[in-house]
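# Structural features, examined
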Amino acid sequence: MADFWEKTRDSFAGWRLIGLPFGFGFLLLLTPLLLMVLLSFWTQDYLDLRRDFTLANYREVFTHPVFFTLIKRSLAIALVVTLVTVLLAFPVAYFISFYGGKRKTLLLFLITIPFWTSYLLRIFLWKIILGYNGVINSGLSSLNLIDAPLSFILYNSNAVVLALSHAWAPFAILPIFVSLEKIDRSLLEAGRDLGDSAYRSFFFITLPLAMPGIIAATLIVFIPTIGDYVTPKLVGGTEGLMVANMIQVQFAKANNAPLGASLALVSLCIVMLIALIFLFLNRKYLGRRV
């Protein structure tokens, strides 16, 4: 009986320890999500919110061609942004880790410089750079390389990819750098002693061991890109709008919160499915950390 009461007291102490953080997380994270789920099954009738259970919102999401187009475009842009960001981030992280020497701290500090300015300010600067009378077009015109401003670099999906790749680059560099730092350099030396070339050492030792950081960077970039609506609105134009822009329109302008909630939940489920598939396919690199 004494052991029972002792175990009960220890269990109660443990729950008391995690109770406040769990309640705080439940209040701020899970409760809004549950409210969104509940809202998605209601309907908006002009100014009245009807609380009758219905699947009409989900039927409209899956049948309306505009929603399908936006979701498909959002996935395509997110995949391209993720690919470009990770491909550009890996060489930077590799250089800092293997050749940074005593300057690693300084180089990592320089990577964080973009965070010193507002995200909106950086997007507006991209508009200045990519605009019809911007830095790129003005420079090319002054060199007589173009006769008219380039129209494919702004107000389309290309501008969205470029701006988001720049915005998420530090988030991709840091996890890859941490993963590269954990690699035991003696493994590379052993490979060279056994006759491995630099090519084989990279692809058979460095890259597999750095894969957890690459996967983390991929998810860190891919997931928030789907939900970004500021960048497509400012530099995307009509050709660069994404599903988050439609969600914002439904909540703010169309006065149809139930449809916006259902569209948000469908997007959330698609992102979760893609992320789970990606982690499942790469489980041999993540092992028990998945």
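Heads up: the structure comes first, above all this text.
So, a few notes on the structure that sits alongside this text. Being a predicted model, the structure only gives us computed values, none of them experimental. (Residues numbered from 1 in each chain as written. Predicted model: local features only at pLDDT ≥ 70, side-chain atom pairs only at ≥ 80, totals over all residues. Heavy atoms only, no water.)

Structurally, the α-helix is built with 3.6 residues per turn, so residues lying three or four positions apart point the same way. Along its 25 residues, helix α7 (residues 157–181) runs 35 Å from first to last C-alpha, staying within 8% of the 36 Å computed at 1.5 Å per residue. Helix geometry: α7 is bent most strongly at Trp168, by close to 45 degrees, with proline Pro170 lying one to four residues after it. One side-chain oxygen of the residue at the start of α7 lies 3.1 Å from the amide nitrogen of Asn158, identifying that residue as Asn156. (Helix = DSSP H or I, 4+ residues; strand = E, 2+ residues; numbered from the N terminus. Expected span 1.5 Å × (residues − 1). Bend = angle between axes of the 7 residues up to and from the residue. Polar contact = N/O pair within 3.5 Å; in protein donor to acceptor, adjacent residues only side chain to side chain.)

This part covers the layout of surface pockets. One number sums up the size of the largest pocket: a volume of about 320 Å³. Around the largest pocket, the lining comprises 17 residues; the ones closest to its centre are Ile226, Ala264, Ser267, Leu268 and Val271. Broken down by secondary-structure element, the contributors of at least two residues to the lining of the largest pocket are α1 (2–40), α9 (198–226), α11 (243–252) and α12 (257–281). For the lining of the largest pocket, the leading source of residues is α12, giving eight residues. (1 Å grid on protein atoms, 1.4 Å probe; cavity = no way out; pocket = protein on both sides within 12 Å on 5 of 7 lines; lining within 4 Å. Points joined across faces, edges and corners; volume = space filled by probe spheres on them.)

Right, let's talk about a nonpolar patch on the surface for a bit. Together, Phe22, Phe24, Phe26, Leu27, Leu28, Leu29, Leu30, Leu33, Leu34, Val37, Leu268 and Met272 make up a nonpolar patch on the protein surface, roughly 1100 Å² of accessible area in all. Elements represented by at least two residues in the nonpolar patch include exactly α1 and α12. One can find Leu28 in helix α1. (Patch = residues over 30% accessible without salt bridge, like charges linked within 9 Å, V, L, I, M, F, W, Y side chains within 5 Å. Areas by Shrake-Rupley, 256 points an atom, 1.4 Å probe, with all protein chains shown as cover. Salt bridge = Lys/Arg side-chain N within 4 Å of Asp/Glu carboxyl O.)

For Tyr155, which is not glycine, the phi dihedral falls at a positive 60 degrees. Take Tyr155: it is sitting in the loop between α6 (135–142) and α7.

Among the secondary structure elements, Ile215 is positioned in helix α9. The class for Ile215 is buried, based on a relative accessible area of 1%. Distance from Ile215 to Leu17, taken between C-alpha atoms, is 33 Å for residues 198 residues apart in sequence. (Buried < 20%, exposed > 50% of the residue type's maximum accessible area, 1.4 Å probe, protein only.)

It is worth spelling out the packing of aromatic side chains at this point. Summed over all chains, the structure comprises 13 aromatic pairs. Centroid distance Phe115 to Phe171: 5.2 Å. Interplanar angle 85 degrees. Geometry classified as edge-to-face. Separated by 56 residues along the polypeptide, Phe115 in the loop between α4 (104–111) and α5 (119–130) and Phe171 in helix α7 bring together distant segments of the chain. What makes Phe115 partly exposed here is its relative accessible area of 37%. Aromatic rings pair up to connect Phe90, Tyr94, Phe95, Phe98, Tyr99, Tyr199, Phe202 and Phe203 into one cluster. (Phe/Tyr/Trp six-rings, centres within 6.5 Å; stacked < 30°, edge-to-face > 60°.)

The next thing to look at is the nonpolar core. Counting residues in each nonpolar core, the largest one holds 37 residues, and the members touching the most others are Val81, Ile176, Leu180 and Val235. Going through the elements one at a time, α3 (65–99), α5, α7, α9, α10 (230–236) and α12 are the ones with two or more residues in this core. It is α7 that contributes the most residues to this core, 11 residues altogether. Not counting residues within four places of it along the chain, the set of residues in contact with Ile176 comprises Val86, Ala89, Phe90, Ala93, Gly213, Ile214 and Ala217. If you look at the next biggest cluster of nonpolar residues, it comprises 18 residues, including Tyr58, Leu70, Ile71 and Leu263. (Core = buried A, V, L, I, M, F, W, Y, C linked by side-chain atoms within 4.5 Å. Contact = heavy atoms within 4.5 Å.)

Their axes nearest at 8 Å, the elements α7 and α9 cross at an angle of 150 degrees. One element, α7, and the other, α9, form an angle in the roughly antiparallel class. The two elements α7 and α9 cross, and the hand of that crossing is right-handed. (Axes fitted to C-alpha atoms, helices over the stretch in contact; angles between N-to-C directions. Parallel < 35°, antiparallel > 145°, perpendicular 65-115°, else oblique. Left-handed = near helix turned anticlockwise from the far one by under 90°.)

Now for the pattern of salt bridges. When their charged atoms lie close together, side chains carrying opposite charge are able to pair. Taken as a whole, this structure holds three salt bridges when the rule is applied. Asp52 serves as the salt-bridge partner of Arg50, at 3.5 Å between the closest nitrogen and oxygen. Judged by its relative accessible area of 42%, Arg50 is partly exposed. A salt bridge links Glu181 to Lys104, with the nearest nitrogen and oxygen atoms 3.0 Å apart. Of this pair, Glu181 sits in helix α7 while Lys104 sits in helix α4; the two residues are 77 residues apart in sequence, bridging distant segments of the chain. Given a relative accessible area of 32%, Glu181 falls into the partly exposed group. A single network of salt bridges, built from pairs that share partners, joins Lys104, Glu181 and Arg185.

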